[in-house]
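As a plain string of letters, each chain reads:
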Amino acid sequence: MGTHLIPREVEGEGRILIIFSSKGFIGTLIGIGIGAIFYSIFETIGAVAIGWIFLILFALAGFVIGQVKLPTSNSFELLKKAGIKTHYVSANIEDSTMEVLPGKVFGHGLEVICRLVATGSFIRRYGEYIADGTVLEGGYVECTFKNDALGDPLVTGEGLAALGIMTPAMFESMKEQTLKITKIVADDLKSIGLDLWDIKFEFGYNNDEVILIDEIASGNMRVYKDGKIVDPVELTK
């Protein structure tokens, strides 16, 4: 279950996006590091231009070795078959492109968390009523505004409606999709011996229809194996 950088700033009814894999990004950084060594050597003898050439060449070589690849479209196809609405339209592996819908965010950005096990900030808020590690049957869905300065404040469905951010019907659709996606991801992880504790999504809308507008990333989920948390980096391998 790899994670990839997907730019979403392009306007239009449908967008073809070039997708860079995390391995390609890491390869580029390694290439830059090696190129920097040669740059330093040539800089000492006054051949700065040649140093820059080596730096750029190694950066490109690192990127090529890391390979340009698409996010696994299988997960999007799986969600589509399950009736989950996402920004994904199609993918072309040969061209390393993906076509997605231009989803608009709710408000200034809204994150949706589905908790299967009580832990983290949930315990910090409600620890006097529930023990860390308690299973939350059926899953517990909560929303927060994306606002670091305010600590990503919680907001209810009623609050979102009162603020004019989304209708009650849109909230129910978002909640239903969240629970469905979480079950799909949890079942997938369970098949390889991993337990999903919680996961975070970002939804938006396209033509007044609620859709998932971000990837399902390992960095946005808390996963355990044999009682120990799994590093997100390990999930991308």
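Rules of the game
Residues numbered from 1 in each chain as written. Predicted model: local features only at pLDDT ≥ 70, side-chain atom pairs only at ≥ 80, totals over all residues. Heavy atoms only, no water. Helix = DSSP H or I, 4+ residues; strand = E, 2+ residues; numbered from the N terminus. Buried < 20%, exposed > 50% of the residue type's maximum accessible area, 1.4 Å probe, protein only. Contact = heavy atoms within 4.5 Å. Polar contact = N/O pair within 3.5 Å; in protein donor to acceptor, adjacent residues only side chain to side chain. Salt bridge = Lys/Arg side-chain N within 4 Å of Asp/Glu carboxyl O. Phe/Tyr/Trp six-rings, centres within 6.5 Å; stacked < 30°, edge-to-face > 60°. Core = buried A, V, L, I, M, F, W, Y, C linked by side-chain atoms within 4.5 Å.

I'm lost on the overall build of the protein chain in this one. Help?
Within the protein chain one finds seven helices and 13 strands. Scored against the burial criterion, the 237 residues of the protein chain give a buried share of 40%. Sequence-distant contacts in the protein chain: of pairs separated by 6 or more residues, those separated by 24 or more amount to 61%.

Looking at this structure, I do not really get the side chain of T182. What am I missing?
Residue position: T182 is located in helix α6 (residues 168-190). Classification of T182 as buried rests on a relative accessible area of 2%. Polar side-chain contacts of T182 include one of 2.7 Å to the backbone oxygen of T178. Here T182 is in contact with C114, L116, L196, I199 and F201, once residues within four sequence places are set aside.

So what exactly am I meant to see when it comes to the pattern of salt bridges here?
Two side chains bearing opposite charge may form a pair once their charged atoms approach each other closely. Under the criterion given, the structure shown has nine salt bridges. E111 is paired through a salt bridge with K200; the nearest N and O atoms lie 3.8 Å apart. Residue E111 is found in strand β7 (residues 110-117), and its partner K200 is found in strand β10 (residues 195-206); the two are separated by 89 residues along the sequence. In this structure, the salt-bridge partner of K183 is D187, at a minimum N-O distance of 2.8 Å. Here K183 pairs with D187, and both are found in helix α6, just four residues apart, close to one helical turn. Residue K183 is classed as exposed on the basis of its relative accessible area of 52%. D187 sits in the partly exposed class, given a relative accessible area of 42%. Salt bridges sharing common partners tie together R115, R125, E142, D198 and R222.

Just checking my understanding: could you explain the packing of aromatic side chains for this structure?
The description of an aromatic ring pair rests on the distance of the ring centres and on the angle between the ring planes. As enumerated under the stated definition, the model contains 10 aromatic pairs in all. Ring geometry for F122 against Y140: centres 5.3 Å apart, planes inclined by 65°, an arrangement best described as edge-to-face. Of this pair, F122 sits in helix α4 (residues 121-126) while Y140 is found in strand β8 (residues 135-145), placing the two residues 18 residues apart along the sequence. Take F122: its relative accessible area is 6%, and that puts it in the buried class. Judged by its relative accessible area of 35%, Y140 falls in the partly exposed class. Pairwise contacts between aromatic rings join F38, F42, F54 and F58 into one cluster.

Would you explain the nonpolar core in this entry?
Proteins that are soluble and globular tend to have nonpolar side chains buried together. With 31 residues, the main nonpolar core has L110, M174, I181, F203, I216 and M221 as its most contacted residues. When contributions to this core are tallied by element, the ones reaching two or more residues are β7, β8, α6, β10, β11 (209-212) and β12 (221-225). The element best represented in this core is α6, accounting for seven residues. In this structure, F122, I123, I130 and L136 belong to the second largest nonpolar core, which totals five residues.

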